Amino acid sequence: MQEQKDVAIVGSGLVGSLLAIFLRKQGHKVTVFDRRPDVRKVQFSGRSINLAMSNRGWKALREAGIEDEIRKLALPLDKRAMHVEGKPVYFQNYGEDGEAIYSISRGVLNRKMIDLAESAGAKFRFEEKIWDVDMKEARLYTGDSEKSPWKEYKFDLIFGADGAFSRVRHKMQRQSRFNYSQHFIDVGYKELTILANEDGSHKLDNSSFHIWPRGNFMLIAMPNLDGTFTCTLFMPFEGETSFETINTVKEADTFFENYFPDIKDEISNLKKDFFRNPTSAMVTIKCFPWSYYDKITLVGDSAHAIVPFYGQGMNAGFEDISVLNEKMNKYGNDWEQIFEEYQTERKPNADAIAELSYRNFIEMSSKTADPMFLLRKKIEKKFTQDHPDLWVPLYSRVTFSDKAYAEALKIGDYQRGIMDEVMNTPEIEEKWDSKEIENKIIDLIRK
């Protein structure tokens, strides 16, 4: 147990709530601030992308002692269901038998995490907006507006878990030599819903992550426990087929009928959500340093927001907290050393998963319907099955492992170079499963 500190966490989202549980386990007094209302008392905003819990996230929850509680909220997905235009649905297993990602509703999980943090003794202060941070003194100032009277709180430590547009990070950015960048992609997203059947069952296979790749846009769907699917339409903001070109009911009808004929019975509900829910942007944020001496540090999206195309945003944030806890156990009451080693270890991995997430967007939207890309994946899969000691696919390294993201990116780039050479083999379509190709991959690995 560490010496008790009076700790503030700004942000009651998934990462902030998990951090509160760990800090309470270490014996600290914890107060969590959030500018938003208590999510347990309001309807979610229609901006959600279902979460895909994988090994890193489960590891952190296990260390917090809450894994079993959260597993009750999750549905295992062991494969992709590919809805390619003009073809029957086909399935791609994620990995070996038993390997799966887990679909969880963001709203359901967030409410549960807050309940668990409260049960552990954390205090939550909702609808209390942070307007300023005194970093040297670890003070927070809250109020109704920038010009209203402010209330001052003094703490020993402050953690910024307040998301991509963090107020805590905004204050840290005013330091000299603070590096910061943000990059918005030209694609937005909109939440849609496929309702359950009348008997409460799912209308699509509920052990699959469904993808409708359509070139420069795509639809995904992930199942919920109540029989519904949370769908996300990713599409350019502007251009020939884009959010700006769908403004009327007739245009929406035409769009869904043309591109998603296999779920045409759902069009009325998809259309209703399309006009009801907001169109949201996606941003990659990088910054450094994440910490200010022994007073303040950033976690989760506040430090490293990423686009959602590897399903690793939550998992990476939970892994931050796991690493922080490891450093607390290692260095005891030396918070400056805890923060320094935490940020130094996590920064390269955050940059790596940001890069991988962006690449996966390109792959999911445009390559998953490309016959040569699918052949490439078939070759990789066969080689992995025949030589598991020589080849672990990049996706498995990221999703079904807790090895460093930076290591996965490095090995993935090396494997990509090998597969580029293999795919350039004459008549690869005919000989892809031959001994010649198998030996070629082995020779390239052993070069």
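Below is a short write-up of the structure. Every chain is numbered independently, its residues counted from 1 as its sequence is written. Only residues with pLDDT of at least 70 get local features here, since the model is predicted, and only at 80 or more are side-chain atom pairs given and counted; chain-wide, interface and lining totals rely on the full set of residues. Derived side-chain values reflect all non-hydrogen atoms in the structure, with water molecules and hydrogen atoms excluded from consideration.

1. Some points on helix α7 (residues 267-276)
Every α-helix winds through 3.6 residues per turn, so residues three or four apart in the chain are directed the same way.
Next, step 1: Buried, partly exposed and exposed residues are distinguished by accessible area as a fraction of the type maximum, computed with a 1.4 Å probe on protein chains only: under 20%, between the cut-offs, and over 50%, respectively. Counting from the N terminus, the helices are the DSSP runs of H or I reaching at least four residues and the strands are the DSSP runs of E reaching at least two. Listing the buried residues of α7 in full gives Ile267, Asn269, Leu270, Lys271, Asp273 and Phe274.
Next, step 2: Contact criterion: two residues are considered in contact whenever any of their non-hydrogen atoms come within 4.5 Å of each other. Structurally, α7 contributes buried residues whose contacts are with β14 (187-194), β17 (229-236) and α6 (249-259).

2. Observations concerning the sheet that holds strand β11 (residues 151-154)
Next, step 1: Only strands that DSSP links by at least two bridges are regarded as paired with each other. Read from one edge of the open sheet, three strands run β9-β10-β11, paired in antiparallel fashion. On the outer flanks of this sheet lie β9 (129-134) and β11, each paired with one strand and no other. Averaged over all neighbouring strand pairs, the angle between strand axes comes to 25 degrees, with direction disregarded.
Next, step 2: Bridging between β9 and strand β10 (residues 139-143) involves five bridges; their strand directions are antiparallel. Following the sheet pairing, Val133 is matched in β10 by Leu140. Axis definition: a line fit to C-alpha positions, over the contact stretch in the case of helices; interaxial angles, taken between N-to-C directions, run 0 to 180 degrees.

3. Examining a negative patch on the surface
Next, step 1: The grouping of Asp294, Asp334, Glu336 and Glu340 at the surface amounts to a negative patch.
Next, step 2: Tracing the backbone through its elements, the reader meets Asp294 in the loop between β19 (291-292) and β20 (296-298). Each patch is built from residues that are more than 30% exposed by relative accessible area and take part in no salt bridge. Like charges join if they lie within 9 Å; nonpolar side chains (Val, Leu, Ile, Met, Phe, Trp, Tyr) join within 5 Å. Per-residue and other accessible areas follow the Shrake-Rupley method at a 1.4 Å probe size, with only the shown protein chains counted as cover for residues. We define a salt bridge as a contact between a side-chain nitrogen of Lys or Arg and a carboxyl oxygen of Asp or Glu at a distance within 4 Å. In this tally, Lys and Arg are treated as positive and Asp and Glu as negative; His is ignored, and so are the chain termini. Charge placement uses NZ in Lys and CZ in Arg. For Asp and Glu, CG and CD serve respectively.

4. Some points on the environment of Trp150
Next, step 1: With respect to the helices and strands, the residue Trp150 is situated in the loop between β10 and β11.
Next, step 2: Dropping the residues within four chain positions of it, Trp150 is found in contact with Trp131, Asp132, Tyr141, Thr142, Gly143 and Ser145.
Next, step 3: Within polar-contact distance, the side chain of Trp150 engages the backbone oxygen of Ser145 at 3.1 Å. We call two N or O atoms a polar contact when they sit within 3.5 Å, provided that within protein one can donate a hydrogen and the other can accept it, with sequence-adjacent residues counted only if both atoms are side-chain atoms.

5. Structural notes on the nonpolar core
For soluble globular proteins, nonpolar side chains are generally found buried alongside one another.
Next, step 1: In these notes, a set of buried Ala, Val, Leu, Ile, Met, Phe, Trp, Tyr and Cys residues joined through side-chain atoms within 4.5 Å is what counts as a nonpolar core. If you look at the biggest cluster of nonpolar residues, it comprises 69 residues, and the most contacted ones within it are Leu18, Met53, Ile70, Leu109, Phe159 and Phe318.
Next, step 2: In terms of residues, this core owes the most to one element, helix α1 (residues 14-25), which gives eight residues.
Next, step 3: The residues contacting Met53, other than those within four sequence positions of it, are Trp58, Leu61, Ile70, Ile101, Tyr102, Ile104, Leu109, Met314, Asn315 and Phe318.

6. Describing the pairing of strand β7 (residues 101-104)
Next, step 1: A two-sided burial pattern is seen for β7, the buried positions comprising Ile101 and Ser103 on one face and Tyr102 and Ile104 on the other.
Next, step 2: Note: strand β3 (residues 51-53) against β7, three bridges, orientation antiparallel. Bridging from a neighbouring strand, Leu51 pairs with Ile104 of β7.

7. A short note on the pattern of salt bridges
Next, step 1: One pass over the full model with this rule turns up 33 salt bridges.
Next, step 2: The residue Arg40 makes a salt bridge to Asp38 at a minimum N-O spacing of 2.8 Å.
Next, step 3: In this structure Arg40 comes out as partly exposed when scored by relative accessible area, which is 25%.
Next, step 4: In this structure, Glu67 engages Arg62 in a salt bridge whose closest nitrogen and oxygen atoms are separated by 2.9 Å.
Next, step 5: Look at Arg62 and you get partly exposed, because its relative accessible area is 47%.
Next, step 6: Within this structure, Glu326, Lys327, Lys330, Glu341 and Glu345 form a network of salt bridges that share partners.

8. Topic: unusual backbone geometry
Next, step 1: Here the bond from Phe288 into Pro289 is cis, since omega is 0 degrees, no more than 30 degrees from zero.
Next, step 2: Tracing the backbone shows Pro289 in the loop between β18 (283-288) and β19.
Next, step 3: Positive phi, close to 55 degrees, is recorded for Glu127, a residue that is not glycine.
Next, step 4: Note that Glu127 resides in the loop between β8 (123-126) and β9.
Next, step 5: With a phi angle near 55 degrees, Ala138 is a residue other than glycine that sits in the positive phi range.
Next, step 6: Judged by relative accessible area, Ala138 falls into the buried class, the value being 0%.

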